[in-house]
Protein chains: 2
Amino acid sequence: MKTRNLTLMTDLYELTMMQGYFKNMDRNETVIFDAFYRNNPMESGYAICAGLAQVIEYVENLHFDNDEITYLKGLGIFEDDFLEYLQNFKFSGSIYAIPEGSIMFPREPMIKVIAPIMEAQLIETAILNIINHQSLIATKTSRVCYAARGDGIMEFGLRRAQGPDAGIYGARAAMIGGCIGTSNVLAGQMFDVPVKGTHAHSWIMSFPDEYTAFKVYADMYPGACILLVDTYDTLKSGVPNAIRVFTEMREAGIPLTFYGIRLDSGDLAYLSKKARKMLDEAGFPDAVISASNDLDEYLIDSLKAQGCKVTSWGVGTHMITSKNWPSFGGVYKLAAIMDENGNFIPKIKLSENSEKITNPGNKVIHRIYEKESGKIKADLIALEDEVFDENEPLLLFDPLEPWKKTLLEPGTYTMRELMVPVFLDGKCVYTSPSVMEIREYCQKELDTLWDETRRLVNPHQVYVDLSSKLYHIKIQLLDQMGQVH
Amino acid sequence: MKTRNLTLMTDLYELTMMQGYFKNMDRNETVIFDAFYRNNPMESGYAICAGLAQVIEYVENLHFDNDEITYLKGLGIFEDDFLEYLQNFKFSGSIYAIPEGSIMFPREPMIKVIAPIMEAQLIETAILNIINHQSLIATKTSRVCYAARGDGIMEFGLRRAQGPDAGIYGARAAMIGGCIGTSNVLAGQMFDVPVKGTHAHSWIMSFPDEYTAFKVYADMYPGACILLVDTYDTLKSGVPNAIRVFTEMREAGIPLTFYGIRLDSGDLAYLSKKARKMLDEAGFPDAVISASNDLDEYLIDSLKAQGCKVTSWGVGTHMITSKNWPSFGGVYKLAAIMDENGNFIPKIKLSENSEKITNPGNKVIHRIYEKESGKIKADLIALEDEVFDENEPLLLFDPLEPWKKTLLEPGTYTMRELMVPVFLDGKCVYTSPSVMEIREYCQKELDTLWDETRRLVNPHQVYVDLSSKLYHIKIQLLDQMGQVH
């Protein structure tokens, strides 16, 4: 599949504003925009960053062809000199980002764009679209995997995804979040990830009887033979017919390497226990019991708690649409404008809601780990020019409740910076790892969370603190802009 | 944007089943699959069909290139003769469908595929993906428009959509469902629909003050001058500065054709009433008040009921993701298999849940209207070879409660068939109307619903009946397959 030209995949107001800046070129200052989110999705304790590879593709491929220029001209609101500028448009700025698969927390810049305002504005919509979608699905998937307690989760949602890309890139994000495979063949091809699947009810129904359908399937795919047992009657017909076929395979000397059954309806706790007993008694203790049917993290968690014997899960609609929380609230806000001397002047967006007030300036994120456990202690948002030393004590305080303070002694903590350079002056300087590498990295990232932060319900929220310097700049700006209501 | 090759956008099991049928060619019978859904989304009284144009594009473009074959070969589960078959694959079947923009109800085939089983199986996943997504968003949008009572709704959701396609085709579906425009420029280009938008908070923040930002914008876009007034303080700064700019425009003799303000935060009922009063008193009674900020059909309905003065609405996240109901439950089920004499043998899928039992056979849908009002009386699912005559009395009965009967006298009703041929023997015989034409058709379709079916909460559910012949075939099949539990 060729890279699509998504240059026009932007809100019209980005282009009308661009023309506004173009016509007032003294307003095309270099600026800093931060993409960040305000609350963890699904009332989770964290989120997983995903989609950067597609952001890179998009930015590298940004260009206005004749088709785009002709279309914009036809709208009657853009002037020729601006359209000529667009014809030669190329992104010339710098982008820093948290790598894919990383754990992130609210109010941290996941992407920082430093560019002339016309360029920074154009790319807002697509960056948010891509990052919001994939981070949502990766986060959701990590929760489903957590609920499954080590069982494999397969992504089966393509038919219910919100369009082709939601299926394709949703599968990508689900792999990053922890799935062991997807049913989506195109995602398998594009991202080199394992594809999985067996047969549908229609396969069974197109044969005169269930046994024959199983038998023909087993003859074709003896090495990956998972039989769907609920077309007629799971325990009276499906499981006995599956056992008959497995028995015949064994008698014929066909090695039973990966085989078992799939349940797709009914009470999965009850049916799996009964089926497990039947399979065990027939001498097939290593037969896999897999299940699908409108599963999510809460249902899987409950089934596991009930002693359900399913060990392999196909999860569709709930994961590919993040059904109980189908949007990720990433926003893109102006943080600083460069003055004529090349200094960034911090900018802040007021709001009556304190949580919505932005963090000004050119920022970086430091992650602080407890040295002993390697678990995350807190994140510290600081200004780019601040220097920290692990050999010094570190004083943290909560920016919303600044009287809450924690002092970290040297030797008890380690810290590292989260964002990496992705584009520098228009040139891509970052090579995305493969999806399976990102998946592995994400597993390691999840290990840095305390169990209290991973749990599905009412998790502990990790502290995201501001450096003292950043905090004081913020307070000063608020004082300057504050109006009496 | 070129058509993408989505041939591999299918579940792996479609391909493993295809190879299964290929290796047992006596099993490549011609079959009928129905795509239908079981329950209206969002507890609505209806759904709107959308996505057919993309299904057609997909089917016409189905082909396995070398890249696809090489990838499939590498999976190690497909044999050379099957891969050779795929290399020459072309869809040879027939497809019938309810046209886009149509009202539809549960259990009605929205798409009927008649094809050799290998072909019918391959296209299942993509058809469902496309139709489920666009029908979901079109239905959601029609509800948002209904709540707005004639006010214009603009689609502003791209940045929160589930990936690029969800933004692009979601905008398409939103236009079909009733939006007057979208912020998504690419959707505007691809589907020739109106694009809308003005400026963001960052525009205001990049100027030394709000007035200057408004002034520069108004100078550039006097003909579509909607000013965002909530960056600093809506009533104390934003609205007064907007009035100052409008006054200057009037004094300068600039015609104020389409102008006004946008509210993007705060209490929209309160702020819009205050702003309306200020604009009216300043002599701008025709200034538009538009609003955005996490709106959905329930919130708009409530604001309208409160006498809110907003008359133009930008709706984002809730509409583009159908946030409270983010998936449409379309399924694709085997309905019949052709025997050696060319007759279709009806097939039925059992389920312990009566609602999940499928309707067998080669079916059509007749829509029955009350002659006097033109409103929908009921739908009748019948077999393809049944003939009905409007000049005869028509007896309807509920298939779930067959003792409930209605007799329609001749002259009191009209009827028409819903599905149209789209592909016949592999050849496309249908030309999709433009999106704006589909939108207009959809408005007419919505007019055939009683208000009781359109209302947002607890709507009247339209009857979907079975013909007597179809009902008896179904009962007979259930009797044949019924097992004692």
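Residues numbered from 1 in each chain as written. Chains lettered and ligands numbered in written order. Predicted model: local features only at pLDDT ≥ 70, side-chain atom pairs only at ≥ 80, totals over all residues. Heavy atoms only, no water.

The secondary structure content of chain A amounts to 17 helices and 21 strands. With the principal axes as the frame, chain A shows a C-alpha extent of 85 × 60 × 40 Å. With 485 residues in all, chain A has 62% of them scored as buried. When contacts within chain A are restricted to residue pairs at least 6 apart in sequence, those whose partners lie at least 24 apart make up 73%. When the accessible area of chain A is evaluated, it comes to approximately 18100 Å², of which 50% is carbon and sulfur surface. Here chain A contributes 47 positively and 65 negatively charged side chains, and the mean placements of these two sets differ by 6 Å. (Helix = DSSP H or I, 4+ residues; strand = E, 2+ residues; numbered from the N terminus. Buried < 20%, exposed > 50% of the residue type's maximum accessible area, 1.4 Å probe, protein only. Contact = heavy atoms within 4.5 Å. Areas by Shrake-Rupley, 256 points an atom, 1.4 Å probe, with all protein chains shown as cover. Lys, Arg positive; Asp, Glu negative; His and termini not counted. Charge placed at Lys NZ, Arg CZ, Asp CG, Glu CD.)

Taken residue by residue, the interface counts 98 residues in chain A and 98 residues in chain B. Interface of chain A and chain B: buried area, both sides summed, is about 8200 Å²; carbon and sulfur atoms make up 59% of it. If you sort the residues of chain A by the area they bury against chain B, Arg159, Gln162 and Met205 of chain A come out on top, with a joint share of 11%. Applying the counting criterion to the chain A and chain B interface returns eight salt bridges. Counting every contact that joins chain A to chain B gives 42 residue pairs in polar contact (both at pLDDT 80 or more). Across the side of chain A that touches chain B, the residue classes tally to 47 nonpolar, 31 polar and 20 charged. (Buried area = accessible area lost by both parts, 1.4 Å probe. Salt bridge = Lys/Arg side-chain N within 4 Å of Asp/Glu carboxyl O. Polar contact = N/O pair within 3.5 Å; in protein donor to acceptor, adjacent residues only side chain to side chain. Nonpolar A, V, L, I, M, F, W, Y, C, P; charged D, E, K, R; others polar.)

Mapping chain A onto chain B leaves a residual RMSD of 0.0 Å; the transformation is a rotation of 180° accompanied by 0.0 Å of translation along its axis. Seen this way, the second copy is the image of the first under a two-fold rotation axis. Within chain A, Asp165 of chain A has its C-alpha nearest the rotation axis, a separation of 2.7 Å. A share of 99% of interface residues in chain A that are also interface residues in chain B marks the association as one of identical surfaces. (Least-squares fit on C-alpha atoms with pLDDT ≥ 70 in both.)

Here, UniProt's "domain: Nicotinate/nicotinamide phosphoribosyltransferase" (unreviewed entry) annotation points to residues 153–319 of chain A. A helix fraction of 49% and a strand fraction of 13% characterise residues 153–319 of chain A, whose end C-alpha atoms lie 10 Å from each other. (UniProt positions renumbered as here; feature names shortened; annotations may be inferred.)

Attention now goes to the packing of helix α1 (residues 12–23) of chain A against helix α4 (residues 80–87) of chain A. Residue and element names in this part refer to chain A. Contact geometry for α1 and α4: axes closest at 10 Å, N-to-C directions at 105°. As summarised for this structure, α1 and α4 are arranged roughly perpendicular, according to the angle between their axes. Contacts between α1 and α4 involve Leu15, Met18, Gln19, Phe22 and Lys23 from the first element and Asp81, Phe82, Tyr85 and Leu86 from the second. For the contact of α1 with α4, the residue count by class is six nonpolar, one polar and two charged. (Axes fitted to C-alpha atoms, helices over the stretch in contact; angles between N-to-C directions. Parallel < 35°, antiparallel > 145°, perpendicular 65-115°, else oblique.)

Read across the sheet, six strands follow the order β7-β6-β11-β10-β9-β8 (chain B) without closing on themselves; strand pairing throughout is parallel. Edge strands, defined here as strands with exactly one partner in the open sheet, are β7 (181–182) and β8 (225–228) of chain B. (Pairing = 2+ DSSP bridges.)

Turning our eyes to something else, we now look at unusual backbone geometry. Residue and element names in this part refer to chain B. Positioned with a positive phi, Arg149 is a non-glycine residue whose angle comes to about 50°. In this fold, Arg149 is placed in the loop between α6 (124–147) and β6 (152–155). Since its relative accessible area comes to 49%, Arg149 is described here as partly exposed. We note that Asp192 has phi near 55°; this positive angle belongs to a residue other than glycine.

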